[in-house]
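What the coordinates show
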Amino acid sequence: MGTSALLSLGMRAMFANQAALTTIGQNIANANTPGYSRQQVTLTTPEGQFTGSGFFGKGVNVETVTRSYNAFLTKDAAAAKSQAFMDSTRLSNLQQLEKLFPPGDQGLGAAANQFLNAMVDVASRPSDPSARQVVLGRAQELAARYSSTGQQLADLQSGIVSDLRANINVVNQLAKQIAAANDQIARTTGTGHTSNDLLDQRDQLISKLSEYVQVSTLPSEDGTMGVFIGGGQRLVLGSIAQQLGLSPDTYDGTRVQLSITESNGSRKLDESVLTGGSITALLRYQNQDLQDARNLVGQLAVGFAKRVNDQQALGLDSSTPPGSGSPIFSYADPVTLPASTNARNPDGTFQSMLSVQVTDASRLRPESYVFKADPSGVPDQYIMTTRPGGVSVALSATEIETQYGFKVTASGAPMTAEDSFLVEPLAQAAVTIKRALDSTNGIAAAAPITAVTNVDNTGTATVESLYVVNNKYDATQQPMTVLFGAVDPADASVNYTITMADGSVLPGKWRPGSKIGNEPAAGIDLGFELRLNGVPRENDVITTGITQFPGSNNANAKAFLNIQTETFIGRTPQPDGSVRAGSTPSDAYATAMTDIASRVQGATYLSNVSTSVASSAEATRAGQAGVNIDEEAARLMQYQQGYQAAAKVLQTAQTIFDELLKLGG
């Protein structure tokens, strides 16, 4: 071995240590750079040279510079981040939604109670215009609260669309950058070395993309990375990036769906296949939470307004001459939206149409429905699918009206198998509700029926209240006579008979606290309800007749007060034909508040858990791929000493070479 070999060894050693020192310096410089992976030089020993004295080494080779990278940990961290961003996005939006359901005096339940409480003064002073004006003021305030809540829900929907557009713009930019990074990486593949900084940059872009939508990745032989969303939908492949966009909802133009632009046009993506990321959270919030909130508020608005209007119609106002009460509230009819893909006539109108009319507001549910024709071809039968929820049932128009409280009517050409309609009985009610009555004389405080006790009665019974409760009341059957008989010793009740104007007689049985005239269990429903104080005796008589002085009558105003405790919102028919009681206005609003609050509570828990998991996953990835300053400092000293030693070898070789030159000279 000559001095040239020693010089070569020294030079190789110096270059190897210098390369290591340069790499360590790069690590130290990027110790706090997000997404940077620690790099290190790969050193190998070349094959030794054979001599008569054995094999002598040729020094060291710098093979390449690699980065510390674990594919599993990187994917796990990105997936955990995607879940965390989805949960946190849904939580922040639900917290905004919760503010629309305030408790206490600011809530919709309190406003409904304040309106009904105002009727107390009208019941006390039915002819007082100031008491009536307070009722109209409370009605205006209640309608304004419903309308404001409905409008704020519409504003939240608009905000969701804006947020989705902003997020999609970022995703499209990230997809282009990933495609560009793929192109650059593919160009370096033939060199036999990896561009570590480009790989880090691409990983960082994919990690950022995961904040908006969860992705799956697939590496290619040319070094590029395929990026897919929604269970296999291509977003980036090689140097080509697809673009996401927003398309109008199939039924409702105020809502949007995610779509992807391909060579043959735009194609909508099903929200159910998306997982993770803020875009997924926004779409689910729009299609589930926000839709449910609109229906909940609509159920409260329609249920209460319809019940008040019905009671108003059963009374007499103070106009001249007195008439049935006009509606106090007005609101929009149910909305029926045909799918944009439905069959059309040559003039652009839809061939088939569907209309909906509420027949029993107490049976309306806080839901929307998609209607399709029943494939069996049975007339007036539909496949009705709850939206959201996806529960499908085949029901006839009669069954729908009985169970759900609205009547469906088809017109035009028969529906085809491809036709569908979105039916929203409640979604537009809250935003459109308003007070429809402006005149104080229009408040129907009087009942069209009055009752008097016979002066010869010997019992203590007096009339507590008498008012009409449904449209079965028939004024032509007045006057009526209620004749009380003997006490039934079996249960201490008092038998009675009702004799109507046409001479027909109905038997009944009175107990303290019971009502006369409206006893469905006994087969009696004359449309009015008579309650007594005290106890009647045998041969006592109470006579009912048409109200002669409506201006001083307060019976219907008293009937309004019963609405507070009546369980008429959300009544549900049962299989046995009975109807399960619903909720009072206050309880229904409390249930709506509880529903939203429970969603917020659940979202808070999920967000805390997923954020913790994401932090842990990122810490694990960074622990494997990140830069440890202490470790780098130790390696810096190690390679510094190696460099100095290599320089000493080179210096020694140079000295020997100089001596040899002198000897040769």
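All values reported here derive from a predicted model rather than from experimental measurement.

To continue, consider the overall build of the protein. When helices and strands are counted, the protein shows eleven helices and 30 strands. Relative to its length of 665 residues, the protein is extended, with a C-alpha radius of gyration of 41 Å against a globular reference of 26 Å. Its C-alpha atoms give the protein principal-axis dimensions of about 155 × 55 × 50 Å. Looking at the 665 residues of the protein, the share that counts as buried comes to 44%. Put simply, of all contacts in the protein between residues at least 6 apart along the chain, 68% involve residues at least 24 apart. Summing over all exposed atoms, the protein offers an accessible surface of approximately 31,300 Å²; the carbon and sulfur share of this is 53%. Distance between charge centres in the protein, computed from 47 positive and 60 negative side chains, equals 5 Å.

A few words now on the environment of S396. Checked against the element boundaries, S396 lands in strand 17 (residues 392-396). Sequence spacing of S396 and Y643 is 247 residues, and the spatial spacing of their C-alpha atoms is 89 Å. When neighbours within four sequence positions are excluded, S396 is seen to be in contact with D380 and Q381.

All right, on to the packing of aromatic side chains then. In this structure the tally under the stated criterion is nine aromatic pairs. Ring geometry for F101 against Y589: centres 6.4 Å apart, planes inclined by 20°, an arrangement best described as stacked. Here F101 is found in the loop between helix 2 (71-98) and helix 3 (108-124), whereas its partner Y589 is found in helix 10 (residues 585-625), with 488 residues between them in sequence. Y589 shares its class with F101; the two are buried. Here Y404 and F406 contribute two aromatic rings whose centre-to-centre distance is 6.4 Å and whose plane-to-plane angle is 55°, an arrangement assigned as tilted.

Where helix 2 contacts helix 6 (residues 277-313), the two axes come as close as 8 Å, and the packing angle between them is 30°. Where helix 2 crosses over helix 6, the two elements pack in a sense that is right-handed. Between helix 2 and helix 6, the contacting residues are S82, F85, M86, T89, R90, N93, L94 and L97 on the first element and G277, S278, T280, A281, L282, R284, Y285, D289, L290 and A293 on the second. For the contact of helix 2 with helix 6, the class distribution of residues is nine nonpolar, six polar and three charged.

The biggest cluster of nonpolar side chains holds 81 residues, and the ones touching the most others in it are L97, F101, F115, Y146, L244, F304 and F329. With 18 residues, helix 4 (residues 129-188) is the largest single contributor of residues to this core. Contact partners of F115, with chain neighbours within four places excluded, come to V135, R138, A139, F304, V308, I328 and F329. Counting residues in each nonpolar core, the second largest holds 22 residues, with L314, A451, V468 and Y473 among its members.

Turning next to the pairing of strand 23 (residues 480-488). Bridge count between strand 23 and strand 28 (residues 541-546): four bridges; the pairing is antiparallel. By the bridge assignment for strand 28, L483 is matched with V541. Inspection of the sheet shows strand 23 paired to strand 24 (residues 493-499) by six bridges, in the antiparallel sense. Residue pairing for strand 24: F484 is matched across the bridge by Y496.

Let's shift gears to the environment of W510. Relative to the assigned elements, W510 resides in strand 25 (residues 505-510). Sequence separation between W510 and V494 is 16 residues, and the spatial gap between their C-alpha atoms is 5.1 Å. Setting aside residues no more than four positions away along its own chain, W510 makes contact with F484, S493, V494, Y496, I516, L532, G534, V535 and P536.

Under the definition given, this model contains 26 salt bridges. Across the pair D289 and R599 runs a salt bridge whose closest N-O atoms are separated by 2.8 Å. Here D289, found in helix 6, pairs with R599, found in helix 10; they are 310 residues apart in sequence, far enough to count as distant. Across the pair, R599 and D289 agree in class, each one buried. The residue E529 makes a salt bridge to R531 at a minimum N-O spacing of 2.9 Å. According to the relative accessible area criterion, R531 is partly exposed, its value standing at 25%. Linked through salt bridges whose partners overlap, the residues forming this network are R90, D289, D292, D595 and R599.

On the surface, a cluster of nonpolar side chains totalling about 380 Å² of accessible area is made up of Y605, L606, V609 and V613. Residue position: Y605 is located in helix 10. Since its relative accessible area comes to 57%, Y605 is described here as exposed.

With respect to topology, three strands assemble into an open sheet ordered 22-27-26, the strand pairing being antiparallel. Edge positions in the sheet fall to strand 22 (462-468) and strand 26 (515-519), since each of these pairs with one other strand and no more. Strand-to-strand, the axes of this sheet are offset by a mean angle of 25°, without reference to chain direction. The sheet contact formed by strand 22 and strand 27 (residues 524-533) spans six bridges and is antiparallel. Note that in strand 27 the partner of V468 across the bridge is F528.

For the rest of this paragraph, the subject is the packing of helix 4 against helix 6. Orientation of helix 4 relative to helix 6, taken along the N-to-C sense of each, is 170°, at an axis distance of 10 Å. Taken together, helix 4 and helix 6 sit at an angle that is classed as roughly antiparallel. Its residues assigned to classes, the contact of helix 4 with helix 6 shows 18 nonpolar, five polar and two charged.

A word on the sheet that holds strand 10 (residues 256-262). The strands that make up a sheet are held in pairs by hydrogen bonds between backbone atoms, and each pair lies either parallel or antiparallel. Reading across from one edge, 9-10-11 is the order of the three strands in this open sheet, with antiparallel pairing throughout. The sheet is open, and its two borders are formed by strand 9 (243-248) and strand 11 (265-268), each paired with just one other strand. Within this sheet the neighbouring strands show an average axis-to-axis angle of 40°, counted without direction. Alignment of strand 10 against strand 11, held across four bridges, turns out to be antiparallel. Following the sheet pairing, I260 is matched in strand 11 by R267. Contacts from helix 4 reach strand 9 and strand 10, with the element oriented near 160° to strand 9.

With that settled, consider the environment of G226. Turning to its location among the elements, G226 is positioned in strand 6 (residues 225-229). On the basis of relative accessibility, which here comes to 2%, the residue G226 falls in the buried class. With 75 residues separating them in the primary sequence, G226 and Q151 have C-alpha atoms 43 Å apart.

Cut-offs used in this document
- Here the residue index of a chain counts from 1 through its sequence in written order.
- Note on the predicted model: pLDDT of at least 70 is required for a residue's local features to be given, and 80 or more for side-chain atom pairs to be given and counted; whole-chain, interface and lining totals, by contrast, use all residues.
- Remark: hydrogens and water are excluded; side-chain values derive from all non-hydrogen atoms of the structure.
- The numbering of helices and of strands both runs from the N terminus, where a helix is a DSSP run of H or I of at least 4 residues and a strand a run of E of at least 2.
- Here the globule rule is a power law, 2.2 Å times the number of residues to the power 0.38, and the radius of gyration is based on C-alpha atoms.
- Classification of residues uses two cut-offs on accessible area relative to the type maximum, computed with a 1.4 Å probe and protein chains only: under 20% is buried, over 50% is exposed, and between them is partly exposed.
- Contact criterion: two residues are considered in contact whenever any of their non-hydrogen atoms come within 4.5 Å of each other.
- The protein chains shown are the only cover counted for residues, whose accessible areas, like all others here, come from Shrake-Rupley with a 1.4 Å probe.
- Neither His nor the chain ends contribute to the count of charged residues, in which Lys and Arg are positive and Asp and Glu negative.
- Note on charges: their place is set at NZ of Lys, CZ of Arg, CG of Asp or CD of Glu.
- Stacked, edge-to-face and tilted are the three classes for Phe, Tyr and Trp ring pairs, Trp counted by its six-membered ring, which pair at centre distances within 6.5 Å; planes under 30 degrees apart are stacked, over 60 edge-to-face, the rest tilted.
- Here an angle of 0 to 180 degrees is reported between the N-to-C directions of two axes, which are lines fitted to C-alpha atoms, with helices fitted over the stretch in contact.
- Should the near helix be turned counterclockwise from the far one by less than a right angle, the crossing is left-handed, whereas a clockwise turn marks it as right-handed.
- Under the grouping applied here, Gly and all other residues not named as nonpolar or charged are polar, the nonpolar ones being Ala, Val, Leu, Ile, Met, Phe, Trp, Tyr, Cys and Pro and the charged ones Asp, Glu, Lys and Arg.
- Put simply, buried Ala, Val, Leu, Ile, Met, Phe, Trp, Tyr and Cys residues joined by side-chain atoms within 4.5 Å make one nonpolar core.
- Being paired, for any two strands, means DSSP has found at least two bridges between them.
- Any carboxyl oxygen of Asp or Glu that lies within 4 Å of a side-chain nitrogen of Lys or Arg is treated as forming a salt bridge with it.
- Patches in this entry comprise residues that are over 30% relatively accessible and not in a salt bridge; like charges within 9 Å are linked, as are nonpolar side chains (Val, Leu, Ile, Met, Phe, Trp, Tyr) within 5 Å.
- With respect to orientation, any angle under 35 degrees is reported as roughly parallel, any angle over 145 as roughly antiparallel, any angle of 65 to 115 as roughly perpendicular, and every other angle as oblique.

Don't take any of this as a statement about function, it's just geometry.
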